[in-house]
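For reference, the chains in residue letters:
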Amino acid sequence: MLTIGSIVWGVRDVARAIEFWRAALNYKPLREPSEDWAILVPVTGEGQQMAITIVSSDPTTHQRHHLDLYASDQQAEVERLLSLGAQLLPRHRLAVRLNPSWPEARNRFIA
């Protein structure tokens, strides 16, 4: 089954985005944010986590927001999404990533 791991929001000012989304959504940092990265979660504990990352790209020419999707069987989910009409597009549109620095996401991350 495919699930949303994070809503990832690219911004120019991480601190400002943290303050805005904390107030707007009643979220809090999951752990101490860095200057270029933060993960926010609902204060109540129910709801989707939001990752905020610094970007330098021009929003008119580059995608700045995306979903991190997790799957227990990556290949099966990619095949299922393709059968539903998804298309493999050039780089950064659909990529299966294995990141050993994220043990909770190992072998489950589709972006």
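What you are looking at is a predicted structure, and each value in this text was computed from that prediction instead of being measured. (Residues numbered from 1 in each chain as written. Predicted model: local features only at pLDDT ≥ 70, side-chain atom pairs only at ≥ 80, totals over all residues. Heavy atoms only, no water.)

Novice: Which residues make up the overall build of the chain, and what values go with them?
Specialist: Summing up its helical and strand segments, the chain has 2 helices and 7 strands in all. Each helix (α) and strand (β) of the chain, taken in turn from the N terminus, gives the series β-α-β-β-β-β-α-β-β. When each of the 111 residues of the chain is scored for burial, the buried share is 30%. Long-range pairs, those at least 24 residues apart, make up 58% of the contacts in the chain between residues at least 6 apart in sequence. (Helix = DSSP H or I, 4+ residues; strand = E, 2+ residues; numbered from the N terminus. Buried < 20%, exposed > 50% of the residue type's maximum accessible area, 1.4 Å probe, protein only. Contact = heavy atoms within 4.5 Å.)

Novice: Lay out the nonpolar core with the relevant residues and their values.
Specialist: What tends to happen in soluble globular proteins is that the nonpolar side chains get buried as a cluster. Counting 10 residues, the largest nonpolar core is built from Val11, Val14, Ala17, Ile18, Trp21, Tyr27, Ala38, Leu40, Met50 and Ile52. Those elements giving two or more residues to this core turn out to be α1 (14–25), β3 (37–42) and β4 (50–54). It is α1 that contributes the most residues to this core, 4 residues altogether. Setting aside residues no more than four positions away along its own chain, Trp21 makes contact with Trp9, Asn26, Tyr27, Leu40, Met50 and Ile52. (Core = buried A, V, L, I, M, F, W, Y, C linked by side-chain atoms within 4.5 Å.)

Novice: Quick rundown of the pairing of β3? Include the residues and the values.
Specialist: Taken across its 6 residues, β3 has 5 buried, putting it largely inside the fold. In this sheet, β3 lies alongside strand β2 (residues 27–29) in antiparallel orientation, the contact comprising 3 bridges. Residue pairing in the sheet places Tyr27 in a bridge with Pro42 of β3. Bridge count between β3 and β4: 4 bridges; the pairing is antiparallel. Across the sheet, the residue bridging to Ile39 is Ala51, located in β4. (Pairing = 2+ DSSP bridges.)

Novice: Break down the environment of Trp21 for me, citing the residues and quoting the values.
Specialist: Secondary-structure assignment places Trp21 in helix α1. On the accessibility criterion, Trp21 (19% relative accessible area) is buried. Each C-alpha atom, one on Trp21 and one on Ile52, is 9.6 Å from the other, the two residues being 31 residues apart in sequence.

Novice: Describe the confidence of the model for the chain, and please don't skip the residues or the numbers.
Specialist: Across the chain, pLDDT averages 79, with 78% of residues at or above 70. Predicted confidence in the chain is weakest over strand β6 (residues 96–97), with a mean pLDDT of 47, and strongest over β2, with 96. Between residues 92–109, whose pLDDT stays under 50, and residues either more than four places distant or in other chains, the model counts 31 contacts. (pLDDT = per-residue confidence, 0-100.)

Novice: An account of the pattern of salt bridges is requested, with residue identities and associated values reported.
Specialist: Two side chains with opposite charge may pair up if their charged atoms get near one another. All chains considered together, the criterion is met by 2 salt bridges. As a salt-bridge pair, Arg22 and Glu19 come within 3.6 Å of each other at their nearest N and O atoms. In this pair, Arg22 and Glu19 both sit in helix α1, 3 residues apart, roughly one turn of the helix. In this structure Glu19 comes out as partly exposed when scored by relative accessible area, which is 48%. (Salt bridge = Lys/Arg side-chain N within 4 Å of Asp/Glu carboxyl O.)

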